[in-house]
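Structural characterization, general
Listed below, chain by chain, are the residues.
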Amino acid sequence: MTASRGLSSMFRCCLALPRAAVCQSRSWPRNVFTGICNKHREGILFGMGNPLLDICVNSNEDFLKKYDLEANNAILAEEKHIPMYKEMAEMDGVEYIAGGATQNSMRVAQWILREPKCATFMGSTGKDEFGKTLAKKAEEAGVVVRYQKQDDYSTGTCAVIVTKSGTCRSLVANLAAANHFTKSHLEIAENKALMEKANFYYISGFFLTVSPESILMVGEHACENNKVFCMNLSAPFLCEFFKDPMMKAFPYIDILFGNETEAAKFAEIHEFGTTDVKDIALKTAALPKKNSKRERIVVFTQGAEDIIVARDGKITQFPVVRLPTEKLIDTNGAGDAFVGGFVAQLVQGKPIESCIKCGIWAATEIIQRSGCSFPADLHYTE
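For clarity, every value in this text was computed on a predicted model and none was experimentally measured.

**What about the overall build of the protein?**
- Helix and strand counts for the protein come out as 13 helices and 16 strands.
- Considering the protein as a whole, with its 382 residues, one finds that 61% of them fall into the buried category.
- Considering only contacts in the protein between residues 6 or more positions apart, those separated by 24 or more positions represent 78%.
- Accessible area of the protein: about 14500 Å², with a carbon and sulfur share of 48%.

As structure tokens, this is what we get:
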């Protein structure tokens, strides 16, 4: 799915850059990443997820009700949703946009880093035109793609229904070929070399439904080699129905992303006994972790409210300001852009404050355009 699920709800109310961090706490020192940060090194960042072609339309509440959808949610397609894709394809103004949460984040990170081939992405597609389109868009952005191509399945798609003047989006993913990625693809010598070449890893929680064993392979490698492993809660249903594979991966997570809705569901499932997002972030950060050389960082967004960051047993809050409604075009992909901006600074060894600032900048740019797209001539400067 395109929007980082959860994270895109961060931009329901249209955000711009943060003002200043409050409730300051000690940040990760820059030397935590000594020896693994290098802006210009090829393959420093590795992503793995579901490459999907987004089918985007602007619609209304009646359309959502017809297919039993919510205005701000991300789900997997059921049988009742299949006719929706044909109906959307016949609607005026339908757009086809290269998507998939992790792949979008890799594209955004690559856009900000500017140096080609810093990011590598793996996922599964069909041997069809949609798959070729996804590869072309990623490669145009400078991302190295290594798809596992399926003979018997078509490239996955994601229905994106934008409502309420662009402020809400409902995502319905038909994974198709994306659902058939296997660990064996990672074990191919050339692909394994690309994975091991990286020092930073990001995987969307949606991939838990596809190949949890591949996630563990990457997480174990990162842990054993003191590299940085990032994941995303991605959607409330994953916290509930994919709890077991999620918690098997959890000890490897150095940085976790999510939003307030996902945090609430995570806390409920794990019986944290609190609904306070700050407390949930602290409890989540304190869960067992295999690599003791660095503490886990948890980043929770809350719509128009402060971004919550838990690290070193303390909370840092980053206020955000509203983007005027007239500038908002499409919130789809905003969360992916946030992660992309964040990791683009992370791989350069920047402090977490800088990572969050860049993440919000990237997402703010994305929501002023259709889909997860960006102007090639726009450069990020702190």
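**Details of the pattern of salt bridges**
- For the structure shown, the criterion picks out 13 salt bridges.
- A salt bridge links Lys132 to Glu129, with the shortest nitrogen-to-oxygen separation between them at 3.4 Å. In this pair, Lys132 and Glu129 both sit in helix α4 (residues 129–140), three residues apart, roughly one turn of the helix. Exposure class is identical for Lys132 and Glu129. Each is exposed.
- Residues joined by salt bridges that share partners form a network here, namely Glu240, Lys265 and Glu268.

**Brief notes about the confidence of the model for the protein**
- Per-residue confidence for the protein gives a mean pLDDT of 88; residues scoring 70 or more make up 88%.
- In this model residues 1–31 is a low-confidence stretch, pLDDT under 50, and it forms 150 contacts with partners more than four residues away in sequence or in other chains.

**Thoughts on the pairing of strand β1 (residues 45–48)**
- Along β1, one buried face is formed by Leu45 and Gly47 and the opposite face, lined by Phe46 and Met48, is buried too.
- Taken together, the four bridges between β1 and strand β5 (residues 119–122) define a ladder with parallel strand orientation. By the bridge assignment for β5, Phe46 is matched with Thr120.
- Pairing geometry for β1 and strand β11 (residues 200–203), over four bridges, is parallel.

**A short note on the sheet that holds β1**
- If you walk across this open sheet you meet the nine strands as β7-β5-β1-β11-β12-β13-β14-β15-β16, and the pairing is mixed. Bordering the open sheet on either side are β7 (144–145) and β16 (314–318), each of which pairs with just one other strand.
- As paired elements, strand β12 (residues 228–232) and strand β13 (residues 255–259) share three bridges and run parallel to each other. Pairing of Met231 across the sheet is with Leu256, part of β13.
- Strand contacts of helix α13 (residues 352–366): β14 (297–302), β15 (305–311) and β16, with the helix running at about 145 degrees to β15, the strand carrying the most contacts.

**Brief notes about the packing of aromatic side chains**
- Within the structure shown, the criterion is met by 15 aromatic pairs.
- Seen from their ring centres, Tyr96 and Phe130 are 6.3 Å apart, and the 35 degrees between their planes marks the pair as tilted. A residue pair is termed long-range when its members are at least 10 positions apart, and Tyr96 in strand β4 (residues 95–99) and Phe130 in helix α4 qualify at 34 residues.
- Between Phe257 and Phe338, the ring centres sit 6.3 Å apart and the planes meet at 85 degrees, which makes this aromatic pair edge-to-face. In this pair, Phe257 is assigned in strand β13 and Phe338 in helix α12 (residues 334–346), connecting sequence segments 81 residues apart.
- Aromatic rings pair up to connect Tyr202, Phe257, Phe338 and Phe342 into one cluster.

**Topic: the sheet that holds strand β9 (residues 157–163)**
- Taken in spatial order, the five strands make up an open sheet running β3-β10-β9-β2-β4, and their pairing is mixed. Sheet topology places β3 (73–76) and β4 at the edges, where each strand pairs with a single neighbour. Strand-to-strand, the axes of this sheet are offset by a mean angle of 20 degrees, without reference to chain direction.
- Here strand β2 (residues 52–58) pairs with β4 via five bridges, running antiparallel. Paired with Leu53 across the two strands is Ala98, which belongs to β4.
- In this fold helix α2 (residues 82–89) packs onto β2, β4, β9 and β10 (168–174), with an angle of close to 65 degrees to the strand it touches most, β9.

**Details of the pairing of β13**
- Burial runs high along β13: five of the five residues are buried.
- Pairing geometry for β13 and β14, over five bridges, is parallel. Within β14, the residue paired with Asn259 across the bridge is Thr301.

**Side note on helix α10 (residues 260–269)**
- Residues Glu260, Glu262, Ala263, Lys265, Phe266 and Ala267 constitute the buried set of α10.
- Looking at the buried side of α10, the elements it contacts are β12, α8 (236–241), α9 (243–249), β13, α11 (277–285) and β14.
- Two residues or fewer past α10, Glu271 is found with a positive phi of approximately 55 degrees.

**Re the packing of α10 against α11**
- One can describe the packing of α10 onto α11 by two numbers: an axis separation of 10 Å at closest approach and a directional angle of 65 degrees. α10 and α11 meet at a crossing whose hand is left-handed. Residues Glu260, Ala263, Ala264, Phe266 and Ala267 of α10 touch α11, and the partners they reach there are Val277, Ile280 and Thr284.
- Residues of the contact of α10 with α11, tallied by class, amount to six nonpolar, one polar and one charged.

Rules and cut-offs
Residues numbered from 1 in each chain as written. Predicted model: local features only at pLDDT ≥ 70, side-chain atom pairs only at ≥ 80, totals over all residues. Heavy atoms only, no water. Helix = DSSP H or I, 4+ residues; strand = E, 2+ residues; numbered from the N terminus. Buried < 20%, exposed > 50% of the residue type's maximum accessible area, 1.4 Å probe, protein only. Contact = heavy atoms within 4.5 Å. Areas by Shrake-Rupley, 256 points an atom, 1.4 Å probe, with all protein chains shown as cover. Salt bridge = Lys/Arg side-chain N within 4 Å of Asp/Glu carboxyl O. pLDDT = per-residue confidence, 0-100. Pairing = 2+ DSSP bridges. Axes fitted to C-alpha atoms, helices over the stretch in contact; angles between N-to-C directions. Phe/Tyr/Trp six-rings, centres within 6.5 Å; stacked < 30°, edge-to-face > 60°. Left-handed = near helix turned anticlockwise from the far one by under 90°. Nonpolar A, V, L, I, M, F, W, Y, C, P; charged D, E, K, R; others polar.

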